[in-house]
Number of protein chains: 2
Amino acid sequence: MTLQAAPLRLSTASKTFEADFAARLHWSADTDAQIEQRVADILADVQQRGDAAVLEYTARFDGLDAQSVSALELRKDELKAAFEGLNDAQKHALEAAARRVRSYHEAQKKANGESWSYRDEDGTLLGQKVTPLDRVGIYVPGGKAAYPSSVLMNAIPAQVAGVEDIIMVVPTPRGEKNALVLAAAHVAGVHRAFTVGGAQAVAALAYGTATIPKVDKITGPGNAYVASAKKRVFGMVGIDMIAGPSEILVLADGTTPPEWVAMDLFSQAEHDELAQSILLSPDAAYIDAVQREIDRLLPEMPRRDIIARSLNGRGALILTRDMHEACAISNRIAPEHLEVSSREPHKWEPLLKHAGAIFLGAYTSESLGDYCAGPNHVLPTSGTARFSSPLGVYDFQKRSSIIEVSEAGAQVLGKIAAELAYGEGLQGHARAAEMRLSK
Amino acid sequence: MTLQAAPLRLSTASKTFEADFAARLHWSADTDAQIEQRVADILADVQQRGDAAVLEYTARFDGLDAQSVSALELRKDELKAAFEGLNDAQKHALEAAARRVRSYHEAQKKANGESWSYRDEDGTLLGQKVTPLDRVGIYVPGGKAAYPSSVLMNAIPAQVAGVEDIIMVVPTPRGEKNALVLAAAHVAGVHRAFTVGGAQAVAALAYGTATIPKVDKITGPGNAYVASAKKRVFGMVGIDMIAGPSEILVLADGTTPPEWVAMDLFSQAEHDELAQSILLSPDAAYIDAVQREIDRLLPEMPRRDIIARSLNGRGALILTRDMHEACAISNRIAPEHLEVSSREPHKWEPLLKHAGAIFLGAYTSESLGDYCAGPNHVLPTSGTARFSSPLGVYDFQKRSSIIEVSEAGAQVLGKIAAELAYGEGLQGHARAAEMRLSK
């Protein structure tokens, strides 16, 4: 039997569109009670027994025996050696990507991440001091889904923010290390790295052990155990977000070569059979052309089985009435990756309210953004772009309000504060304000 | 027996300082498994039965019977009437506070919250679009701890961000409404309000019911049920933070009138017996003077019982070797409110790395910041200032990366991306990049 990839064909003009569309979008982030309980147990155990528990779980889950957690540390010279062992093309690509990612995040810091202040008419100083976190932990998945690009995308914004201590954890099942991941840690300026993974790594970073230092925030993607552990330690440390399956939505006016769009859909689908690839276009003939390219290109793809499962199970090619309707549907989905594959991308961009990253024009394939355009590839999934943002320098900074009330300002503010404080029944607040009033 | 408030006296020179200090700081955010289970049940029930469940829980927990959730809505004219029923001093105070809070948050948006972009040497456009959330829910506690100032502090940054739909929920046990809270909702420009509280209110906002609209993010403080519910819906909607007991830390060089500092400690302690008030000073005689003022002022305070319990149970007056050491200890605590009660506040401010808000100089009592200086009074507690920030305009905005790769840029980036993608075994990503290379 020939392998086929046939994303669901929908049309917004169909009477059953709303129901069909909802069914296709449905994805449940329901947590598994059994995983939650096992994670709770692992966290409690690491909190209590520290290194010893980390060693036991690493032996049990990763088949990696070590005498001490210290023996699981990847030293800086080992990271450097991994980089030096790469071929020139890989070295160049990693360095070029790191340089662009760094330069984008520096611009981000400059635009939105600097301290600011002003004085009001009474001479009162108001502002906010923006400072880096002291120490962060970066979780890097191991095994099959070990992505060096994720090391860059997590570590570089932390470094640009000014974090002094970036601790990476990466599981190495049966001791297999990924040279590109180690090299990326070198290029990105990771300060320490441990070959520990799973809930036990999250626990070690959140509570600290004798060997692994306690961090202030944990970022980076992981499996269901890692996600559950991050959610559980949230509040005691900061976390970035809980990632769901990856998604791409392409808005196409029919002017981009259909094979480019077909390959862009593949590039999402090849991640995972739960990944979602959706095309929205008002041009029915173009949708047919994309389907033909899917048929033509699929057999060439080494990951064709995953691609076919993903496109058949979760993909969709949707005919819309016009590009305006396509934009409105995109806003309902709030996709992680949004390609505006149009000759007039700037006409549509202002209509797009919710998306992790917006890729404008035919040349901007998602994959360029994934690796090296500069912006972060850690993006909100599953519609969470409605309320959350790409990973950025701001995730590694925090703010402190600065207030210096002048003597003159205290005379004005003191009366207002006292009035409101008495209204709330908080006389201590009121008196503290009144004491600053001139007699 | 005379009521006494005697915060623990510590000295950093003491051999037992570290242990004594750790014991005093200790506060456990441990969640109660029974509360967690009850909250999970309430959430599931509201998700399934919607309005009917909200009505039942409101009747059961708040003693408030209504025929429909719609009958629990506070209409705009009711909020306006509450404002108009206030006396002139209250009206003026509420409006003046709102004006200052708005002006500060507008400055915050301008400084750190605008979209930005740049073009690189190949003409590739990179940037970030900053947009408001569509709809947010604000939880306002009811009953004894009903604070109109919290309405301003949550709603105004949302409004400044440009949120079009601000939904307030506030429990009104046995139907008792707080006129100042309703008036504050009017002044702050809340769009809709419902007299619903507890986990059922959080559930209604997170899932939506027939009457209460689903929101994108929920902010605002609440009791243990509300906190547990917020943590549980986190990921499906955004949440602000999980607040612990409030804290103040005063760094004093001995130049501020000791009665001012005593009252500032009271103003924290009067919130709650778990609230924490700490004074750090290198001047032993000054610490004695503050204790004398505590003794003198306590009997005058209507909330003296709570103040005494808080100061006796969690307060501390700590003698340090010098101001530098006081700053270092403050960084370990990462306090919510940090007063630098010194003649040279700008000498110490750069040494202070972690705090929710920093109040500089003798005139800047925390209470001025709580009500009307302008900065937000929703601040990270329990040491979370190490990694989180005051509530702000940024909490009601999200960002979308913008990437428009030029044809020339695609030639450079395509090769880098393809190299890295092949290295990660993602051939679809590589091919999508390569297709954009000129033949």
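Residues numbered from 1 in each chain as written. Chains lettered and ligands numbered in written order. Predicted model: local features only at pLDDT ≥ 70, side-chain atom pairs only at ≥ 80, totals over all residues. Heavy atoms only, no water.

Asks: Hey, could you run me through the domain arrangement of chain A in this one?
Replies: How big an interface is tends to be reported as the loss of accessible area on association of its parts. Entries for chain A in the domain assignment read domain 1 (8-28 + 244-373), domain 2 (33-239) and domain 3 (405-435). A separation of 45 Å is found between the C-alpha centroids of domain 2 of chain A and domain 3 of chain A. (Domains from an automatic or database assignment.)

Asks: What's the story with empty space enclosed by the protein in this structure? I'm lost.
Replies: Here the idea is plain: a probe the size of a water molecule rolls over the atoms and shows the empty space left. In total, this model carries three cavities of 30 Å³ or more according to the counting rule given. In this structure, the largest cavity spans a volume of roughly 60 Å³. Lining the largest cavity are G220(A), P221(A), G222(A), N223(A), V226(A), A227(A), K230(A), M241(A), I242(A) and A243(A). Tallied by class, the residues present in the lining of the largest cavity amount to six nonpolar, three polar and one charged. In this structure, the second largest cavity spans a volume of roughly 40 Å³. In terms of lining residues, the second largest cavity is bounded by I403(A), H337(B), A357(B), F359(B), G369(B), D370(B), P375(B), N376(B), H377(B) and L379(B). Among the elements of the structure, β14 (357-360) and α15 (366-371) of chain B are those that each provide at least two residues to the lining of the second largest cavity. (1 Å grid on protein atoms, 1.4 Å probe; cavity = no way out; pocket = protein on both sides within 12 Å on 5 of 7 lines; lining within 4 Å. Points joined across faces, edges and corners; volume = space filled by probe spheres on them. Nonpolar A, V, L, I, M, F, W, Y, C, P; charged D, E, K, R; others polar. Helix = DSSP H or I, 4+ residues; strand = E, 2+ residues; numbered from the N terminus.)

Asks: What is the right way to look at the packing of helix α2 (residues 33-49) of chain A against helix α9 (residues 224-233) of chain A in this model?
Replies: The description of two helices packed together rests on the angle between their axes and the distance between the axes. Residue and element names in this part refer to chain A. Where α2 meets α9, the axes come as close as 9 Å, and the angle between the chain directions of the two elements is 65°. Where α2 crosses over α9, the two elements pack in a sense that is right-handed. Facing α2, whose interface residues are I35, E36, R38, V39, A40 and L43, α9 presents A224, Y225, S228, A229, R232 and V233. For the contact of α2 with α9, a count of residues per class yields eight nonpolar, one polar and three charged. (Axes fitted to C-alpha atoms, helices over the stretch in contact; angles between N-to-C directions. Left-handed = near helix turned anticlockwise from the far one by under 90°. Contact = heavy atoms within 4.5 Å.)

Asks: It is not clear to me how the pattern of salt bridges should be interpreted in this structure. Could you clarify?
Replies: Inspection of every chain in the model, using the stated rule, returns 49 salt bridges over all chains. Its salt-bridge partner being R309(A), residue E273(A) comes within 3.0 Å of it at the nearest N-O pair. On the criterion of sequence distance, the pair formed by E273(A) in the loop between α10 (258-269) and β11 (276-281) and R309(A) in helix α12 (residues 304-314) is long-range, its members being 36 residues apart. By relative accessible area, R309(A) is classed as partly exposed at 44%. A salt bridge links E293(B) to R296(B), with the shortest nitrogen-to-oxygen separation between them at 2.7 Å. Placement of both E293(B) and R296(B) in helix α11 (residues 284-297) is noted, with a separation of three residues, approximately one turn of the helix. E293(B) gets classed as buried once you look at its relative accessible area, which sits at 17%. Overlapping salt bridges bring together D134(A), D216(A), K353(B) and R386(B) as one network. (Salt bridge = Lys/Arg side-chain N within 4 Å of Asp/Glu carboxyl O. Buried < 20%, exposed > 50% of the residue type's maximum accessible area, 1.4 Å probe, protein only.)

Asks: How should the relation of the copies chain B and chain A be read in this particular structure?
Replies: Look at the two chain copies: a rotation about an axis and a shift along it is all it takes to match them. Least-squares fitting of chain B to chain A yields an RMSD of 0.0 Å, with the superposition described by an axial translation of 0.0 Å and a rotation of 180°. In the structure described here, the two chain copies are related by an operation that fits a two-fold rotation axis. Among all residues of chain B, the one whose C-alpha sits closest to the rotation axis is N112(B), at a distance of 2.0 Å. With an isologous cut-off of 70% or more, the 100% of interface residues of chain B that recur at the interface of chain A puts this contact in the isologous class. (Least-squares fit on C-alpha atoms with pLDDT ≥ 70 in both.)

Asks: Honestly, the interface of chain B and chain A in this entry has me stumped. Any pointers?
Replies: Chain B puts 120 residues into the contact, and the matching count from chain A is 120 residues. Summing the contributions of chain B and of chain A, the shared interface buries around 10,600 Å²; its carbon and sulfur component is 58%. Here chain B and chain A share 14 salt bridges between them. For K353(B), the salt bridge identified is with D134(A), shortest N-O distance 3.2 Å. (Buried area = accessible area lost by both parts, 1.4 Å probe.)

Asks: So what exactly am I meant to see when it comes to the UniProt feature "binding site: substrate" (unreviewed entry) in chain A here?
Replies: Residues and elements named next belong to chain A. According to UniProt, the "binding site: substrate" (unreviewed entry) feature falls on S246, Q268, H271, H337, D370, E424 and H429. These residues run over 184 residues, and the two farthest C-alpha atoms among them are 56.0 Å apart, placing them at more than one spot. Residue position: S246 is located in the loop between β9 (238-239) and β10 (247-252). Here Q268 takes part through its side chain, which lies 2.4 Å from a polar atom of the side chain of S246. Its location among the elements puts H429 in helix α17 (residues 427-435). Given a relative accessible area of 2%, H429 falls into the buried group. (UniProt positions renumbered as here; feature names shortened; annotations may be inferred. Polar contact = N/O pair within 3.5 Å; in protein donor to acceptor, adjacent residues only side chain to side chain.)

Asks: Looking at this structure, how should I read the nonpolar core?
Replies: In globular proteins that are soluble, nonpolar side chains generally tend to be buried together. With 68 residues, the main nonpolar core has L94(A), L152(A) and M168(A) as its most contacted residues. With sequence-adjacent residues up to four places away left out, M168(A) is seen in contact with I138(A), V140(A), V151(A), V181(A), A185(A), V190(A), R192(A), A193(A) and F194(A). Counting residues in hydrophobic clusters, the runner-up holds 67 residues, among them A98(B), L133(B), L182(B) and A357(B). (Core = buried A, V, L, I, M, F, W, Y, C linked by side-chain atoms within 4.5 Å.)

Asks: Quick question: what am I supposed to make of the packing of helix α5 (residues 88-112) of chain A against helix α7 (residues 179-188) of chain A here?
Replies: Residues and elements named next belong to chain A. Closest axis-to-axis distance for the α5/α7 pair is 10 Å, and the angle between their directions is 45°. Classified by the angle their axes make, α5 and α7 are oblique. Regarding α5 and α7, the two cross each other, and that crossing is right-handed. Where α5 abuts α7, its residues Q90, L94, E95, A98 and R102 lie against L180, A183, A184, V187 and A188. Broken down by class, the residue content of the contact of α5 with α7 amounts to seven nonpolar, one polar and two charged. (Parallel < 35°, antiparallel > 145°, perpendicular 65-115°, else oblique.)

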